[in-house]
Amino acid sequence: MKSPIIIENSPLARLARLKLGTRSVAMVLGNKIHLSGATREEFLNDPYWVAHEMEHIRQFEEHGKLGFLRRYLVGWARYGYYNIPFEIAAREAALLNAPLYTSGQPLPNPADMHQGPKAK
């Protein structure tokens, strides 16, 4: 897996943030992580958030651009954002893989991790 490219102040992520009604958002397209409402530093300092987005990059690689986007959008239409199977897997990966992204520092309390949109 190639190292991701992080894009701050992404117009695409801003649209997603407005649609989801959240303070900050990261979204993955290929190996690019688009941020809105958060800086690169804020994102990288949250190992749970990094692990979540890295799972989306893995999903993108596994399913390809069109396969990922099709499955993601169909999942959103069927189950709502919070219950998209890719989002469930990414939340699980965040808890499981966060230690990989701590740079040797203690793992923060999970209660302090980035809070994306909640189930409605």
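That block above? That's the structure.
Definitions and cut-offs
Residues numbered from 1 in each chain as written. Predicted model: local features only at pLDDT ≥ 70, side-chain atom pairs only at ≥ 80, totals over all residues. Heavy atoms only, no water. Buried < 20%, exposed > 50% of the residue type's maximum accessible area, 1.4 Å probe, protein only. Helix = DSSP H or I, 4+ residues; strand = E, 2+ residues; numbered from the N terminus. Pairing = 2+ DSSP bridges. Core = buried A, V, L, I, M, F, W, Y, C linked by side-chain atoms within 4.5 Å. Contact = heavy atoms within 4.5 Å.

Q: What am I meant to see in the pairing of strand β3 (residues 32-36) here?
A: Side-chain direction in a regular strand flips from residue to residue, so the side chains alternate between the two faces of the sheet. In terms of residue burial, β3 counts as a mostly covered element, since four of its five residues are buried. Pairing analysis gives three bridges linking strand β1 (residues 5-7) to β3, with the strands arranged parallel. Bridge assignment links I7 to a residue of β3, and that residue is H34. Relative to β3, strand β2 (residues 25-29) runs antiparallel, the two being bridged by five bridges. When the bridges of β3 are listed, A26 appears paired with L35. Between β2 and β3, which follow one another and run antiparallel, lie two residues, and G30 among them has a positive phi close to 70 degrees.

Q: Any chance you could explain the nonpolar core here in plain terms?
A: Proteins that are soluble and globular tend to have nonpolar side chains buried together. Core analysis: the largest hydrophobic core is formed by 21 residues, its most contacted members being A26, I33, L35, F43 and Y72. Examining the composition of this core, we find that seven residues originate from one element, helix α3 (residues 47-79), more than from any other. The residues touching L35, leaving out its near neighbours within four places in the chain, are I6, I7, E8, N9, S10, A13, V25, A26, R40 and F43.

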